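Here's the letter readout for the chains.
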Amino acid sequence: MTPEELAAAGLTYAVSGEVATVTLSRPEVRNAQTPAMWRALAAIGEEIPDQVRVVVVRGQGASFSAGLDRAMLDPRAAVEDPESIAGLLSRPEAEVDATVDRFQQGFTWLRDPRFVSVAVVQGHAIGAGFQLALACDLRVVAADAQFCMKEPALGLVPDLTGTKPLVACVGYARALEICATARVVGAPEALEIGLATMLCPVSELDGALADLVGALTAPMAGAVRETKALLQTAADSSLDEQRRLERAAQVRRFRELADLLADG
């Protein structure tokens, strides 16, 4: 996508060496998300260059993302409006499913083993904002961050791929309590229960991110890529299956190292 197309969707995207940065750039509405933004995120995921080792996702201004743009839920919206729920529900069921699947792809690409994704969260991370942070592998959280899975309070469910990583982070019971009550989880609690990877004052957020990016890009790229892929399968694999995957990954690592030594 062109910079102009991304800007129209409320995003900026830049690649600098091994780091790609995606910024939600609608600060006037606390980076509220729209279908256009989700489609643009999916398009970015399809364009990430192979040299990128870290993808940073952040919000412009004082909030990460206040969630779904409420204009989507306006019952007065015309069914011809493709950005509204009314417009979505006017389509055949299969088309609705395919459309939401595309929205979800704006989040799922952040799990790609080719890179480590990092959400930089300050201020609000509500609903879709919470789910976007959860889609990332790691979360660097400012002291003023507030997480909330607001969807159940609106009569909805979290459908932007947030349920699986939330359970992985905090366990089923705590995930259910957070979602069903739609309560706010502050930054200190987020660190305590495993939602946050690290916590720092707002003024130190950029420095903490730079340190983390440096640490993530220090090991060999292939080693980090293979390790991420192994960790992604660990919870759902049997011990024997996981052992097999580890063996296969290690053989690939030995071979790459051997090739490097031969070339050196």
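Residues numbered from 1 in each chain as written. Predicted model: local features only at pLDDT ≥ 70, side-chain atom pairs only at ≥ 80, totals over all residues. Heavy atoms only, no water.

1. Things to note about the pairing of strand 4 (residues 116-121)
Here comes step 1: Of all the six residues making up strand 4, six are buried; the element is thus mostly covered by neighbouring parts of the structure.
Here comes step 2: Side chains Val116, Val118 and Val120 of strand 4 all project onto a buried face; the interleaved residues Ser117, Ala119 and Val121 project onto the opposite face, where all are buried too.
Here comes step 3: The sheet contact formed by strand 3 (residues 54-59) and strand 4 spans five bridges and is parallel. Each bridged residue has a counterpart across the sheet, and for Val56 the counterpart in strand 4 is Val118. (Buried < 20%, exposed > 50% of the residue type's maximum accessible area, 1.4 Å probe, protein only. Helix = DSSP H or I, 4+ residues; strand = E, 2+ residues; numbered from the N terminus. Pairing = 2+ DSSP bridges.)

2. Quick notes on the side chain of Thr217
Here comes step 1: Structurally, the position occupied by Thr217 is in the loop between helix 9 (205-216) and helix 10 (221-234).
Here comes step 2: Polar contacts involving the side chain of Thr217 include one to the main-chain carbonyl oxygen of Val213, which spans 2.8 Å. (Polar contact = N/O pair within 3.5 Å; in protein donor to acceptor, adjacent residues only side chain to side chain.)

3. Some words on helix 6 (residues 163-170)
Here comes step 1: Looking at helix 6, one finds that the buried residues are Pro165, Leu166 and Val170. Angularly, the buried residues of helix 6 cover 110° about the axis, an arc narrow enough to put them on a single face. In helix 6, those exposed residues whose orientation departs by more than 90 degrees from the buried face are Lys164 and Ala168.
Here comes step 2: The first or second residue beyond helix 6 is Gly171, which carries a positive phi of 90°. (Arc of directions from axis to C-beta.)

4. Considerations on the sheet that holds strand 7 (residues 146-148)
Within a sheet, each strand pairs with its neighbour through backbone hydrogen bonds, oriented either parallel or antiparallel.
Here comes step 1: Judged by pairing direction, the sheet is mixed, and its three strands sit side by side in the order 5-7-8 without closing on themselves. Strand pairing shows two members of the sheet lacking a second neighbour, strand 5 (124-126) and strand 8 (185-186), which therefore form its edges.
Here comes step 2: With respect to the sheet, helix 5 (residues 128-135) is in contact with strand 5 and strand 7, its orientation differing from that of strand 5 by roughly 95°. (Contact = heavy atoms within 4.5 Å. Axes fitted to C-alpha atoms, helices over the stretch in contact; angles between N-to-C directions.)

5. As for the sheet that holds strand 9 (residues 198-200)
Here comes step 1: Overall, mixed pairing links the six strands, which are arranged 1-2-3-4-6-9 in an open sheet. Looking at strand neighbours, the two that pair on one side only are strand 1 (11-16) and strand 9, the edges of this open sheet. Between one strand and the next, the sheet's axes are offset by a mean angle of 15°, whatever the strand orientation.
Here comes step 2: Both strand 6 (residues 138-142) and strand 9 contribute to a ladder of three bridges, which runs parallel. By the bridge assignment for strand 9, Ala142 is matched with Cys200.
Here comes step 3: Helix 2 (residues 35-45) rests against strand 1 and strand 2 (19-24) of the sheet, and its axis sits at about 15° to strand 1.
Here comes step 4: Against the sheet, helix 5 contacts strand 2, strand 3, strand 4 and strand 6, and its axis sits at roughly 145° relative to strand 4.

6. A look at the pairing of strand 3
Here comes step 1: The element strand 3 is extensively covered by neighbouring structure, given that six of its six residues are classed as buried.
Here comes step 2: Side-chain alternation along strand 3 places Val54, Val56 and Arg58 on one buried face and Val55, Val57 and Gly59 on a second face that is also buried.
Here comes step 3: Relative to strand 3, strand 2 runs parallel, the two being bridged by six bridges. Looking at strand 3, one finds that Val22 is bridged to Val57.

7. A short note on a nonpolar patch on the surface
Here comes step 1: On the surface, a nonpolar cluster with roughly 310 Å² of combined accessible area is contributed by Val167, Tyr172 and Leu176.
Here comes step 2: Mapping Val167 onto the fold places it in helix 6. (Patch = residues over 30% accessible without salt bridge, like charges linked within 9 Å, V, L, I, M, F, W, Y side chains within 5 Å. Areas by Shrake-Rupley, 256 points an atom, 1.4 Å probe, with all protein chains shown as cover. Salt bridge = Lys/Arg side-chain N within 4 Å of Asp/Glu carboxyl O.)

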